[in-house]
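# Summary of structural features
So the chains spell out like this:
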Amino acid sequence: GDSQRPLAVLSDGDFFGELALLSDIPRAATVTAIQPCTFLVLDNQQFQAMLQTNPRIRAAVERAHTSRTSEVLALAGS
């Protein structure tokens with residue numbers, strides 16, 4: 001529906017949108033800034049290239065993907 005609820009508060013160095021890129025699905029959330037910030041954006045091709053060339057980043061993104069997938073499934077069940 002059109003309901004909105006906070007899922008997380010992000011800090012410097014945090015990332016979002018990896019679920020959609022890793023699973024090739026539409027994004028499931030909207031991000032709203034509560035203070036001035038800078039976003040660095042990667043398209044799917046850049047994102048995949050980054051994962052292929054940096055194993056540490058790939059591992060961090062995969063951990064976040066697993067955790068966030070579990071959170072999304074839990075929210076869907078509530």
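In this text the structure is predicted, and so the values were computed from the model without any measurement.

## Some details on the pattern of salt bridges
According to the stated counting rule, one finds one salt bridge in the structure shown. Here Glu 62 makes a salt bridge to Arg 58, at a shortest N to O gap of 3.5 Å. Here Arg 58 and Glu 62 lie together in helix H3 (residues 55-77), a separation of four residues that amounts to about one turn. Judged by relative accessible area, Glu 62 falls into the partly exposed class, the value being 39%. Since its relative accessible area comes to 33%, Arg 58 is described here as partly exposed.

## A short note on the confidence of the model for the protein
With 96% of its residues at a pLDDT of 70 or more, the protein shows a mean pLDDT of 84. Mean pLDDT per element in the protein: helix H1 (residues 18-23) is the minimum at 82, and helix H2 (residues 44-53) is the maximum at 94.

Cut-offs and rules
Residues numbered from 1 in each chain as written. Predicted model: local features only at pLDDT ≥ 70, side-chain atom pairs only at ≥ 80, totals over all residues. Heavy atoms only, no water. Salt bridge = Lys/Arg side-chain N within 4 Å of Asp/Glu carboxyl O. Helix = DSSP H or I, 4+ residues; strand = E, 2+ residues; numbered from the N terminus. Buried < 20%, exposed > 50% of the residue type's maximum accessible area, 1.4 Å probe, protein only. pLDDT = per-residue confidence, 0-100.

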